[in-house]
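Listed below, chain by chain, are the residues.
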Amino acid sequence: MAKVKICETVLRDSHQSLIATRMTTDDMLPALELLDSVGYYSLEAWGGATFDSCLRFLNEDPWERLRKIRAAVKNTKLQMLFRGQNILGYRHYADDVVKYFVQKSIANGIDIIRIFDALNDPRNLMTAINATKKENGHVQAALSYTTSPVHTIEYFAEYAKNLEDMGADSICIKDMAGLLKPYDAYDLVKAIKASCKIPVELHTHYTSGLASMTLLKAVEAGCDIVDTAISPMALGTSQPPTEPFVATLAGTEYDTGLDLGLLDKVSKCFMPLREKYLASGLLDPKVLKVDVNALLYQVPGGMLSNLVSQLKQAGKSDQLQAVLEEVPRVRADAGYPPLVTPTSQIVGTQAVFNVIAGERYKMVTNEFKGLVRGEYGKTPTPIAPEFVKMIIGNDKQIRYRPADDLKPELDKLREEIKNCAIQDEDVLSYALFDQVALKFFKWRAEQQLGIDGENADPAIGVHAV
């Protein structure tokens with residue numbers, strides 16, 4: 001068994017999970033050279049919700065963040081999370097936008113692109129995979145892990161093989177809700193390793209309290225790479241901590257070769273930041289606790305906070321238990337989608353509506369209709385025809401790749417922002433988050449003219465992605 005490799009998530013998913021993606025580039029910069037010296041396989045540093053948060057809450061250019069990280073990190077691969085045809089946004093984008101985003105991500109410093117689809121519909125990954133191959137990037141194709149009658153070990157092993165055949169250079173088991181149990185991880189990794197020749201990486205969250213044990217069993221089954229977070233930014237809804245895992249494997253056949261002394265220095269870089277986030281209220285101690293609801297109802301941490309917020313706004317906070325019990329029923333009705341952005345929000349909101357109305361599907365959101373219609377792709381199992389008719393009437397279901405309906409967008413988008421763009425990448429920021437990007441471009445122009453723009457308050461708003 002080769003040494004186990006570590007992907008460090010502190011620059012992306014750990015702060016996305018704990019502090020709603022509010023770590024600033026200035027917070028990161030002092031630690032970058034030290035992180036680069038550790039010998040990690042990769043640093044997950046971009047993508048996911050970081051792009052949105054930079055523009056929306058931090059008044060930062062996400063492209064400039066990537067360039068600054070790349071300038072400081074000379075020896076370690078940088079990786080990003082990419083939502084297939086959704087890129088980093090919340091709808092499907094035309095193929096020309098997807099291809100250009102991949103091109104610019106790699107040109108600005110990304111080495112590995114982890115590409116996933118909420119429904120595990122391979123058609124939604126094709127364009128991003130092919131574009132990454134064309135740019136000589138590393139394609140890490142991810143399967144969105146969940147449990148249901150259809151999501152068996154065999155299902156995932158077959159899907160992993162499909163992804164390898166599509167051109168993946170490695171496979172990621174993406175366990176976004178911390179549902180993967182240790183012995184299931186062992187069986188899953190064994191099955192994927194038996195069907196695929198490429199490396200396997202495991203990404204999980206500590207939400208349910210299982211994650212460190214799950215990583216260990218995955219490694220024993222032959223998992224090549226695991227995702228961890230340096231301890232000040234680990235646990236809770238984040239990843240399992242890096243240092244104890246490195247210590248556990250030291251001196252074994254799986255030894256990571258990483259130096260605990262160096263990791264301690266990295267930890268000391270982030271400890272003051274943790275204290276700062278706690279003091280500001282950005283880091284809520286509630287997200288650090290073990291949440292058994294994740295195992296009982298498959299509700300990821302970010303989705304749970306959204307449900308609580310929606311019920312509070314409706315004056316129905318006492319109905320949380322009823323909503324948690326309704327979520328799995330809605331999910332079954334909708335063809336067992338994994339609960340990850342955007343399907344977690346769609347299923348969760350519909351469950352809230354069902355409970356508040358006192359009658360199931362009396363009120364149906366447009367997004368839920370879209371999910372049933374096939375606008376997001378093919379659900380893991382077909383939806384019952386009578387349920388389809390109840391939700392969308394006589395509308396026809398989409399049987400093809402949803403993005404096939406989208407005409408090229410780039411030229412039109414470039415024309416719309418020709419007066420405020422200062423770099424090629426601005427068209428992509430605008431494509432994904434139009435009004436948010438325009439507000440940022442205006443602020444940026446005012447800064448360059450020496451006018452006091454609106455100050456960003458990183459503590460305002462929470463955006464679960």
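Please refer to the structure higher up on the page.
Residues numbered from 1 in each chain as written. Predicted model: local features only at pLDDT ≥ 70, side-chain atom pairs only at ≥ 80, totals over all residues. Heavy atoms only, no water.

**Student:** I would appreciate a short explanation of the overall build of the protein chain in the present structure.
**Tutor:** If you tally the helices and strands in the protein chain, you get 20 helices and eight strands. The C-alpha radius of gyration of the protein chain comes to 21 Å, within 12% of the 23 Å expected for a compact globule of 465 residues. Dimensions of the protein chain, computed from the C-alpha atoms along their principal axes, are close to 60 × 60 × 45 Å. Evaluated residue by residue, the protein chain yields a buried proportion of 58% over its 465 residues. (Helix = DSSP H or I, 4+ residues; strand = E, 2+ residues; numbered from the N terminus. Rg over C-alpha atoms; globule rule 2.2 N^0.38 Å. Buried < 20%, exposed > 50% of the residue type's maximum accessible area, 1.4 Å probe, protein only.)

**Student:** How should I be thinking about the packing of helix 7 (residues 153-165) against helix 8 (residues 182-195) in this particular structure?
**Tutor:** Helices that pack against each other are described as a pair by the angle of their axes relative to one another and the distance between those axes. Relative to each other, helix 7 and helix 8 sit at 40°, their axes nearing to 9 Å. Classed by the angle they form, the pair helix 7 and helix 8 counts as oblique. Where helix 7 crosses over helix 8, the two elements pack in a sense that is right-handed. Note on element contacts: helix 8 touches helix 7 through Asp184, Asp187, Leu188, Ala191, Ile192 and Ser195, opposite Ile153, Phe156, Ala157, Ala160, Lys161 and Glu164. (Axes fitted to C-alpha atoms, helices over the stretch in contact; angles between N-to-C directions. Parallel < 35°, antiparallel > 145°, perpendicular 65-115°, else oblique. Left-handed = near helix turned anticlockwise from the far one by under 90°. Contact = heavy atoms within 4.5 Å.)

**Student:** In this structure, what is going on with the packing of aromatic side chains? I would like to understand it.
**Tutor:** For any pair of aromatic rings, the description rests on two quantities: the centre-to-centre distance and the angle between the ring planes. In this structure the tally under the stated criterion is 16 aromatic pairs. Judged by centre distance (5.7 Å) and plane angle (75°), the ring pair of Trp46 and Phe51 falls under edge-to-face. One exposure class covers both Trp46 and Phe51, and it is buried. Through a chain of ring-to-ring contacts, three or more aromatic side chains come together here, namely Trp46, Phe51, Trp63, Phe82, Tyr90, Phe101 and Phe433. Arg22 extends its terminal NZ or CZ atom over the ring of Phe57, reaching a point 3.8 Å from the ring centre. (Phe/Tyr/Trp six-rings, centres within 6.5 Å; stacked < 30°, edge-to-face > 60°. Lys NZ or Arg CZ within 6 Å of the ring centre and 35° of its normal.)

**Student:** Just checking my understanding: could you explain the sheet that holds strand 1 (residues 5-8) for this structure?
**Tutor:** Think of a sheet as strands paired side by side through backbone hydrogen bonds, with each pair either parallel or antiparallel. Around the barrel, eight strands lie side by side as 1-2-3-4-5-6-7-8; this closed barrel has parallel pairing. Strand-to-strand, the axes of this sheet are offset by a mean angle of 30°, without reference to chain direction. By the bridge criterion, five bridges tie strand 5 (residues 138-144) to strand 6 (residues 170-174) in an arrangement that is parallel. Residue pairing for strand 6: Ala142 is matched across the bridge by Cys172. Across the face of the sheet, helix 5 (residues 95-107) comes into contact with strand 2 (42-47), strand 3 (77-82) and strand 4 (112-115) while running at roughly 160° to strand 3. (Pairing = 2+ DSSP bridges.)

**Student:** Please explain unusual backbone geometry as it appears in this structure.
**Tutor:** With glycine set apart, most residues show a phi of negative sign, and most peptide bonds adopt trans. With omega at 0°, the peptide bond leading from Thr341 into Pro342 counts as cis. The residue Pro342 is located in the loop between helix 14 (320-333) and helix 15 (343-357) in this model. Positive phi outside glycine occurs at Ala20, with the angle close to 55°. Relative to the assigned elements, Ala20 resides in the loop between helix 1 (13-19) and helix 2 (25-38). In this model, Gln298 sits at a positive phi of 60°, which is unusual for a non-glycine residue. In this structure, Gln298 sits in the loop between helix 12 (293-297) and helix 13 (301-313).

**Student:** Mind showing me how you'd approach the side chain of Asp27 here?
**Tutor:** Counting through the fold element by element, Asp27 comes out in helix 2. Apart from the residues within four sequence positions on either side, Asp27 is in contact with Leu273, Lys276 and Tyr277.

**Student:** Sorry if this is basic, but what is going on with empty space enclosed by the protein here?
**Tutor:** In this approach a probe as big as a water molecule rolls over the atoms, and the regions it shows empty are the leftover space. The tally for this structure, following the rule as stated, stands at one cavity of 30 Å³ or more. Approximately 70 Å³ is the volume found for the largest cavity. Lining the largest cavity we find Arg83, Asn86, His92, Phe116, Asp117, Ala118, Leu119, Thr341, Pro342, Thr343 and Tyr376. Each residue belonging to the lining of the largest cavity can be placed in one class, and the counts come to five nonpolar, four polar and two charged. (1 Å grid on protein atoms, 1.4 Å probe; cavity = no way out; pocket = protein on both sides within 12 Å on 5 of 7 lines; lining within 4 Å. Points joined across faces, edges and corners; volume = space filled by probe spheres on them. Nonpolar A, V, L, I, M, F, W, Y, C, P; charged D, E, K, R; others polar.)

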